[in-house]
Each structure stands twice: as structure tokens, then as C-alpha cells.
Amino acid sequence: ARAAGPDTVLCVAPAASAGVRPVGVVQGLVDIAAGAPTFTFRRGPSIVAAAPAVASTVGDGTEVVFYLDALGGDADATNAEELACHVDDAIVPARASAAGVSCVLP
């Protein structure tokens, strides 16, 4: 975890099976945020291909379509509020497309 602001901590969710888990914050072994909300793990769809498969490193706004497996996952690819692409440390908005999910690379 790392501080993302004066009252915000950014944590990376560990791998887990789908389901709801309680979330808390500890410093050392002292629980400093008991009673925090829950976090829901969802099984995401598997990406089977991307087009284009290569993009510029200068951040020219290349839009990439990620083709998803037919089985999908627990995540709802039609819920635009939940869609995002994670590229290195950047998270960018995504949108549903007929073939899967697309986003503009940073």
C-alpha cells in the first residue's frame, strides 16, 4: 500500500476467488481502520487477443480493442462505469464494443 493523498491509501488487491471480502487498513500490527467497507472480487473476462497488438511509445492515443473469451467472467462489460484498462500504472476509461472492450492507451 502507498499513500495517495492525505486521507487516501492505494492498495493493490491480491489474487482471490470471487466473492465479498472485508477491507481494513493496518499500520504495523495495529488496525487503524476497523469497520471499513467490503470489497467484491469478480472473476474478470480473459483477453484472447488485442488489435492492434503493437502501439507507439509516445502516447499518441492509439485505441486498442481487447477481444474477450466467450465465457466472459463475473464483470459486466456493458456497465460503462465499471470499465477501465490498466496499463502499467495508468488506469484509463474503457468502453464496451461489439467484440469486447476498447480503450485509448495513455
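Our structure's up above, just so we're on the same page.
First things first, this report covers the structure right here in the doc. (Residues numbered from 1 in each chain as written. Predicted model: local features only at pLDDT ≥ 70, side-chain atom pairs only at ≥ 80, totals over all residues. Heavy atoms only, no water.)

**What about the layout of surface pockets?**
Thought 1: Counted as a void, the second largest pocket has a volume near 340 Å³.
Thought 2: Around the second largest pocket, the lining is made up of 15 residues, and of these Cys11, Ala13, Val23, Gly24 and Phe39 lie nearest the centre.
Thought 3: Of all the secondary-structure elements, those providing two or more residues to the lining of the second largest pocket are strand S3 (19-22) and strand S6 (38-41).
Thought 4: Across the lining of the second largest pocket, the residue classes break down as 12 nonpolar, 2 polar and 1 charged. (1 Å grid on protein atoms, 1.4 Å probe; cavity = no way out; pocket = protein on both sides within 12 Å on 5 of 7 lines; lining within 4 Å. Points joined across faces, edges and corners; volume = space filled by probe spheres on them. Helix = DSSP H or I, 4+ residues; strand = E, 2+ residues; numbered from the N terminus. Nonpolar A, V, L, I, M, F, W, Y, C, P; charged D, E, K, R; others polar.)

**Description of the sheet that holds strand S9 (residues 84-87)**
Thought 1: Reading across the sheet, the 5 strands line up as S7-S8-S11-S10-S9 and stay open at both edges, with antiparallel pairing between neighbours. Edge positions in the sheet fall to strand S7 (47-51) and S9, since each has one partner strand and no second. Pairwise comparison of adjacent strand axes, ignoring direction, gives a mean angle of 30° for this sheet.
Thought 2: Across 4 bridges, S9 lies against strand S10 (residues 90-96) in antiparallel orientation. Paired with Cys85 across the bridge in S10 is Val92. (Pairing = 2+ DSSP bridges. Axes fitted to C-alpha atoms, helices over the stretch in contact; angles between N-to-C directions.)

**Comments concerning the state of the cysteines**
Defined simply, a disulfide is a covalent bond joining two cysteines at their sulfur atoms.
Thought 1: In this structure the tally under the stated criterion is 1 disulfide.
Thought 2: Bridging Cys85 to Cys103, the disulfide has an S-S length of 2.4 Å. In this structure the cystine formed by Cys85 and Cys103 twists about its S-S bond by roughly -110°; its chirality is therefore left-handed. Pair noted here: Cys85 is in strand S9 and Cys103 is in strand S11 (residues 100-104), with a separation of 18 residues, a long-range link. (Disulfide = S-S within 2.5 Å.)

**Some thoughts on the pairing of strand S1 (residues 2-5)**
Two faces belong to every sheet, and in a regular strand the side chains alternate between them.
Thought 1: Looking at chain direction, S1 and strand S2 (residues 8-10) are connected through 3 bridges and run antiparallel. Note on S2: the bridge partner recorded for Gly5 is Thr8.
Thought 2: Following S1, the chain reverses through 2 residues before pairing antiparallel with S2.

**Some points on the side chain of Ser102**
Thought 1: Its location among the elements puts Ser102 in strand S11.
Thought 2: A distance of 3.0 Å separates a polar atom in the side chain of Ser102 from a polar atom in the side chain of Glu63.
Thought 3: Once residues within four sequence positions are removed from consideration, Ser102 is found in contact with Glu63, Val64, Val65, Ala94 and Arg95. (Polar contact = N/O pair within 3.5 Å; in protein donor to acceptor, adjacent residues only side chain to side chain. Contact = heavy atoms within 4.5 Å.)

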